[in-house]
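# Descriptive analysis of the structure
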Amino acid sequence: MTGARPSAKTRYMLGMVVDATGAGMYLPLSLLYFHHVTGLPLTQVGTLMTAAAVIGLISNPAAGVLIDRFGAKAVVTGGYLLRAAGFCTYPLVDNGYTMFCVILLVALGDTSFPPAIQSFIAEFVQGTERDKLLAAQRSLRNAGLGVGGLIAGGVLALGSDAFYYVIVFCTAAGYVLAAVCFGSIPIPRTAPGSAAPRVSRKGGYRLVARNRPFLALTLLNVPTAFGYTVLAVGIPAYVTQDLGASTSLVGVLYAVNTVGIALLQIPVTRALVAFRRSRAVALGAAVFAASFLVFAALAAVGEKSVILVGVFAATVLFTAGELLHGATASALCAQAAPEETRGRHLAVYQLSWAVPSALAPAVLTALLTLSPTAMWLVLAAGATVSALGVLRLEPRLPYEAVHPEPKPARSVPAEPAPAA
C-alpha cells in the first residue's frame, strides 16, 4: 500500500489540476457566455444561475447517502461525468428555459463534489498526510484556476465567437479527464467501503443530528464561510464604490490572494501539522476578523496612498487567514466525522459553505447599502465568534480530529520475572 501511495497522489493531483484549469477557463465567462448565446439581460442570466445553484443544494444530502452506500470514489467520478454531460449540452442553449435546465444539471454535480472529495481523501490518506494533501490540493487548484483564466483570455482575444464553444467543450473534456484520473486511484482495502459496497445504516441523518459536537463545528463554520465570500462579492464593490479605487485594483488584489495560496499553502500546512487543528482553525478565523477590521477602518481614511497600502495589508491578512484555516478546517471536519456515516456528516458540514455562498451576494450587498463599515464589523464579529467557539469546542471533538499525529500508544510496564 505504501508503494502505491505516490502514484495515487500523483493521479489525484493531476485530476485536481485538470479540473481547476477547466473551471478557470469557464468561470469568469459564465455570465457572458449565456448572455451571448441567449441574448438575455445580464441581470436575468444572473437570477437564473442563482436559482439553479440554490435548487442544486438538494444534491448535497443525496450525495451523503450515496457516499455511505457506494463509496466516495463513485460519487466523485459520477459528479464529474454529470458536469461533463451538462457542458456538452451548453451549445444547445438558446433561451432561458434550456439555460436553466443545463445549469441545474451542472449545479447538481457541483454541489455533490465537496462532501465526496473530502470523503475520498479520508479513504486513502490518514493523519498528517491528509493535511499535506489538502494543502497541496488548495495550492494546485489556485494555480489551475489562474492558468485557466489566462488561457480563456488568450483564446477570446482572437476575436471569434466560436471560441466560446471551444472553451465550453474544453471544460467538458477536462471533467472527463479528471473522472478518469480519480477513477483510477486504488483505495486501500482497510478503508471503509473498499472491500465491498458500503451498507447504509438506518437513520443516517438522525445519527448526524445526535452528533452535537459535529453540528456545533458545522454551525461555527458559517460565519467564517461568509468571510470567504468577500473576495468575490464584498471587496470588489467596497474598493471601487466606497473607497474610490480603480477597477483594475480588484484584479491585483485577487492575484495577491490566489498567488499567495498557490505558493504558501503547502509550507504553511506542513508547519501547522505540529499543532492542534482546532487551534489553527481558530487562529485563521481570528486573522480573518483582523483583516475585516482593517477594511472597516479604511472607510474613515481620506488619503489615497494610505487607502492603497491599507487595502493591500488587509488582503494579505485575509490571505494569511485563509492559509491557516482552509486546508486545516477540511482535515478537522473529515476526521471528526464517524467513518460509517462520513458521507452524511460531510454533506451536512458542506452546507455551512454552500448556504453562505448562495446567500452572500444578497446579504453582503444589502449590508453594503446600509453601511459599508457595518458590513465589515458584522463579518469581524462573526469570525471572532467562530474562533472562540472552536476553542471551546475542542475538548468535545475526537482526539484524532484535533491532533494530526496519532495518539501515542500507552506503554505497559513489564511484569517482573518470577523468582527462581
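Residues numbered from 1 in each chain as written. Predicted model: local features only at pLDDT ≥ 70, side-chain atom pairs only at ≥ 80, totals over all residues. Heavy atoms only, no water.

### So, the overall build of the protein
Applied cut-off: To qualify as a helix, a DSSP run of H or I must reach at least 4 residues; to qualify as a strand, a run of E must reach at least 2; elements of each kind are numbered from the N terminus. Only protein chains enter the area calculation, which uses a 1.4 Å probe; residues under 20% of their type maximum are buried, those over 50% are exposed, and those in between are partly exposed. Contacts between residues were defined by any pair of non-hydrogen atoms, one from each residue, lying within 4.5 Å. Exposure was quantified through the Shrake-Rupley algorithm and a 1.4 Å probe, taking into account, for residues, occlusion by the shown protein chains and nothing else.
Summing up its helical and strand segments, the protein has 17 helices and zero strands in all. Within the protein, the proportion of its 420 residues that are buried is 50%. Partitioning the intrachain contacts of the protein with sequence separation of at least 6 by distance along the chain shows that 84% fall at a separation of at least 24. Of the roughly 18,800 Å² that the protein leaves accessible, carbon and sulfur atoms contribute 69%.

### Let's talk about the pattern of salt bridges
We apply this condition: The rule for a salt bridge is simple: a side-chain nitrogen of Lys or Arg has to be within 4 Å of a carboxyl oxygen of Asp or Glu.
Across all of its chains, the model carries four salt bridges by this definition. When the shortest N-O distance is used, the salt bridge between Arg276 and Glu394 registers 2.6 Å. Separated by 118 residues along the polypeptide, Arg276 in the loop between helix H12 (248–272) and helix H13 (277–298) and Glu394 in the loop between helix H16 (372–393) and helix H17 (399–402) bring together distant segments of the chain. On the accessibility criterion, Arg276 (33% relative accessible area) is partly exposed. Taking relative accessible area as the criterion, Glu394 reaches 9% and is therefore assigned buried. Taking the shortest distance from any N to any O, the salt bridge between Arg279 and Glu394 comes out at 2.7 Å. Highlighted residues: Arg279 in helix H13 and Glu394 in the loop between H16 and H17, separated in sequence by 115 residues. Salt bridges linked by common partners bring Arg276, Arg279 and Glu394 together as one network.

### Quick notes on the packing of H13 against H16
Let me state the cut-off plainly: Convention adopted: a line fitted to C-alpha atoms gives each axis, helices being fitted over their contacting stretch, and angles between N-to-C directions are expressed from 0 to 180 degrees. For this classification, under 35 degrees means roughly parallel, over 145 means roughly antiparallel, 65 to 115 means roughly perpendicular, and everything else is oblique. Handedness of a crossing follows from how the near helix is turned relative to the far one, being left-handed for an anticlockwise turn of less than a right angle and right-handed for a clockwise one. Each residue gets one label: Ala, Val, Leu, Ile, Met, Phe, Trp, Tyr, Cys and Pro are nonpolar, Asp, Glu, Lys and Arg are charged, and the others, such as Gly, are polar.
Packing of H13 against H16 brings their axes to within 8 Å, and their N-to-C directions diverge by 165°. When the axes of H13 and H16 are compared, the pair comes out roughly antiparallel. Our pair here, H13 against H16, has a crossing hand that is left-handed. Residue-level contacts link Ser278, Arg279, Val281, Ala282, Ala285, Ala286, Phe288, Ala289, Phe292, Leu293, Phe295 and Ala296 of H13 to Thr373, Trp376, Leu377, Leu379, Ala380, Ala383, Thr384, Ser386, Ala387, Val390 and Leu391 of H16. Residue composition of the contact of H13 with H16, by class: 18 nonpolar, four polar and one charged.

### Quick look at empty space enclosed by the protein
As a reminder of what qualifies: Using only the protein atoms, space was sampled on a 1 Å grid; points where a 1.4 Å probe fits but cannot get out form cavities, open sets with protein on both sides within 12 Å along at least five of seven lines form pockets, and lining residues are those with an atom within 4 Å of a point. Grid points are joined across faces, edges and corners, and a volume is the space filled by probe spheres set on the points.
Applying the stated criterion across every chain, the model contains two cavities of 30 Å³ or more. As for the largest cavity, its lining consists of 13 residues, of which Leu217, Asn221, Val281, His325 and Tyr349 are closest to the centre. Those elements giving two or more residues to the lining of the largest cavity turn out to be helix H10 (212–228), H13, helix H14 (304–336) and H16. Classifying every residue of the lining of the largest cavity by side-chain character gives nine nonpolar, four polar and no charged. Contributing to the lining of the second largest cavity are Asp131, Thr269, Leu272, Val273, Phe275, Arg277, Thr328 and Pro404. Across the lining of the second largest cavity, the residue classes break down as four nonpolar, two polar and two charged.

### Remarks on the nonpolar core
Just so we agree on the cut-off: Each nonpolar core is a collection of buried residues, namely Ala, Val, Leu, Ile, Met, Phe, Trp, Tyr and Cys, held together in the definition by side-chain atoms within 4.5 Å.
Counting 50 residues, the largest nonpolar core has Tyr12, Phe34, Tyr90, Phe120 and Phe182 as the members making the most contacts within it. In terms of residues, this core owes the most to one element, helix H6 (residues 96–124), which gives eleven residues. Beyond its immediate stretch of four places on either side in the chain, Tyr12 contacts Ile117, Phe120, Ile121, Phe124, Leu133, Gln137, Phe182 and Ile185. Core analysis: the second largest hydrophobic core is formed by 30 residues, Val230, Ala237, Leu243 and Leu249 among them.

### Some words on the confidence of the model for the protein
Formally: The quantity called pLDDT is the predictor's confidence in a given residue, expressed from 0 to 100.
Considering every residue of the protein, the mean pLDDT works out to 81; 87% of them sit at 70 or more. Within the model, pLDDT remains below 50 along residues 1–6, and this stretch shows three contacts once partners closer than five positions in the same chain are excluded.

### Points about the side chain of Ser330
Relative to the elements of secondary structure, Ser330 occurs in helix H14. Ser330 sits in the buried class, given a relative accessible area of 17%. For Ser330, the contacting residues outside a window of four places in its chain are Gln118 and Leu134.

### Some thoughts on the packing of H14 against helix H15 (residues 342–370)
Direction vectors running N to C along H14 and H15 enclose 145°, while the axes themselves pass 10 Å from each other. In contact with His325, Ala329, Cys333 and Ala334 of H14, H15 contributes Arg342, Leu346, Tyr349 and Trp353. Its residues assigned to classes, the contact of H14 with H15 shows six nonpolar, one polar and one charged.

### Notes on helix H4 (residues 59–70)
The criterion, for reference: How far a helix is expected to stretch is found by multiplying one less than its residue total by 1.5 Å.
Taking 1.5 Å of rise per residue, twelve residues should cover 16 Å, and H4 covers 15 Å from first to last C-alpha, within 8% of that figure. Every buried residue belonging to H4 is among Ser59, Asn60, Ala63, Gly64, Ile67 and Asp68, and all of these are buried. Remark: Gly71 follows H4 within two positions and exhibits a positive phi of approximately 100°.

### What about the packing of aromatic side chains?
Keep this limit in mind: Whether two aromatic rings pair depends on their centres lying within 6.5 Å, for rings of Phe, Tyr and Trp, where Trp uses its six-membered ring; planes under 30 degrees apart make the pair stacked, over 60 edge-to-face, and the rest tilted.
Taken as a whole, this structure holds 19 aromatic pairs when the rule is applied. With 5.9 Å between their ring centres and 35° between their planes, Tyr80 and Tyr175 make a pair best called tilted. Of this pair, Tyr80 sits in helix H5 (residues 72–88) while Tyr175 sits in helix H8 (residues 162–183), placing them 95 residues apart in sequence. Here Tyr80 and Tyr175 have matching classes, each one buried. Summarising the aromatic geometry, the rings of Phe288 and Phe318 are spaced 5.0 Å apart at their centres and angled 55° between planes, so their arrangement reads as tilted. Here Phe288, found in helix H13, pairs with Phe318, found in helix H14; they are 30 residues apart in sequence, far enough to count as distant. Judged by its relative accessible area of 0%, Phe288 is buried. A connected cluster of aromatic rings, assembled from ring pairs, spans Tyr12, Phe34, Tyr80, Phe87, Tyr90, Phe113, Phe120, Tyr175 and Phe182.

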